[in-house]
Amino acid sequence: MKKTILLVFFLANLLTQAQNKIILSVSSGLTFSNIRGNDFAEENKYDFNYVGGIGIEKPINNKISIFTGLNYDNKSFKNEIYYDYFNNYDPFIYPNKVKVQLTLQYLTMPILFRYYFDNESHFYINSGPYLGVFLNTTARVDGDKVNEDSNEIFKKVDFGWSLGIGKKFKINEKNKLSVELRDNLGLQNISDVPVQGNGTVKTNSFNLILGYEFNL
């Protein structure tokens, strides 16, 4: 926690001393995510959901800037699970399967160092850590939401590394649209309970982010 606070103060001081203007943005988009780290997790499939938030970019020079913000991030994954209707004592119904989707909801804060390939600040890459605060889980069976509380099995914090590439489209002198493809690789074991085979549970997600930004 102390290291996180020191990092926030360092970034705030760096942003204050930079001579260029601050760029604010709002964004939304798709997320394509899954979990990994143990045999059961590897059987799950990637699934789509959405991400959205606000961002602040502070240029350091014509090529490099720092980007951060807050995102409401839904990380979903799915699987098909077989179950036996004979448990309900009906001999005329055969074993079947259901589609199960679990969504992990996070409030995430990326801290990305962004590099522009051209002086017009159109094409860029960015990379850096992200911190996620766990909010809630949502479970659906065959599309129907179920009352299943699994919040206690997940840690309250996720941590990982983001890498993205994007392009900006100029609207006028103060406004731009942006499109970015970003990979968020979870490095933290998010399971708060023992995992079979001494495994872990880690997230991985891809974001397709559309943003609208304006200079202050």
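The rules we used
Residues numbered from 1 in each chain as written. Predicted model: local features only at pLDDT ≥ 70, side-chain atom pairs only at ≥ 80, totals over all residues. Heavy atoms only, no water. 1 Å grid on protein atoms, 1.4 Å probe; cavity = no way out; pocket = protein on both sides within 12 Å on 5 of 7 lines; lining within 4 Å. Points joined across faces, edges and corners; volume = space filled by probe spheres on them. Helix = DSSP H or I, 4+ residues; strand = E, 2+ residues; numbered from the N terminus. Nonpolar A, V, L, I, M, F, W, Y, C, P; charged D, E, K, R; others polar. Pairing = 2+ DSSP bridges. Core = buried A, V, L, I, M, F, W, Y, C linked by side-chain atoms within 4.5 Å. Buried < 20%, exposed > 50% of the residue type's maximum accessible area, 1.4 Å probe, protein only. Contact = heavy atoms within 4.5 Å. Phe/Tyr/Trp six-rings, centres within 6.5 Å; stacked < 30°, edge-to-face > 60°. Lys NZ or Arg CZ within 6 Å of the ring centre and 35° of its normal. pLDDT = per-residue confidence, 0-100.

Bringing the layout of surface pockets into the picture now. If you add up the space inside the largest pocket, you get close to 510 Å³. Residue lining of the largest pocket: 24 residues in total, with Ile 35, Phe 40, Phe 77, Ile 153 and Val 201 positioned closest to the centre. When contributions to the lining of the largest pocket are tallied by element, the ones reaching two or more residues are helix 2 (39–42), strand 3 (64–83) and strand 4 (96–116). Of all the elements, strand 3 adds the most residues to the lining of the largest pocket, at 4 residues. The residue inventory of the lining of the largest pocket, partitioned by class, reads 14 nonpolar, 7 polar and 3 charged.

The pairing of strand 7 (residues 157–170) with strand 8 (residues 175–186) spans 11 bridges and is antiparallel. In the sheet register, Ile 165 faces strand 8, and the bridge partner there is Leu 181. Hairpin geometry of strand 7 and strand 8 is characterised by an intervening segment of 4 residues between the two adjacent antiparallel strands.

Grouped together as the largest cluster of nonpolar side chains are 12 residues: Ile 35, Ala 41, Phe 77, Leu 102, Leu 104, Tyr 106, Phe 134, Ala 139, Phe 154, Ile 190, Val 195 and Val 201. Top element by residues in this core is strand 4. It accounts for 3 residues. Once residues within four sequence positions are removed from consideration, Ile 190 is found in contact with Leu 104, Tyr 106, Ile 153, Phe 154, Lys 155, Asp 158, Val 201 and Thr 203.

The next subject is the packing of aromatic side chains. Taken as a whole, this structure holds 9 aromatic pairs when the rule is applied. Between Tyr 106 and Phe 134, the ring centres sit 5.7 Å apart and the planes meet at 65°, which makes this aromatic pair edge-to-face. You can see Tyr 106 sitting in strand 4 and its partner Phe 134 sitting in strand 5 (residues 123–141), a full 28 residues away along the chain. Look at Tyr 106 and you get buried, because its relative accessible area is 0%. Taken together, the aromatic side chains of Phe 32, Tyr 46, Phe 48 and Phe 206 make up a single cluster linked through ring pairs. One cation-aromatic arrangement involves Lys 75 over Tyr 106; the distance from NZ or CZ to the ring centre is 5.4 Å. It is Lys 167 that lies over the ring of Phe 123; its NZ or CZ is 4.2 Å from the centre.

Attention now moves to the confidence of the model for the chain. Do not read the predicted coordinates in detail wherever pLDDT is low. Averaged over every residue, the pLDDT of the chain is 86; residues scoring 70 or more account for 84%. Helix 1 (residues 2–17) is the least confidently modelled element of the chain, averaging 55 in pLDDT, while strand 8 averages 97, the highest of any element.

Take the side chain of Thr 203 next. Looking at the element boundaries, Thr 203 is found in strand 9 (residues 202–215). Thr 203 has contacts with Asn 34, Ile 35, Arg 36, Lys 75, Leu 104, Tyr 130, Asp 158, Asn 184, Leu 185, Gly 186 and Ile 190, leaving out every residue within four places of it along the chain.

A few words now on the environment of Asn 119. Looking at the element boundaries, Asn 119 is found in the loop between strand 4 and strand 5. With 56 residues separating them in the primary sequence, Asn 119 and Lys 63 have C-alpha atoms 7.0 Å apart.

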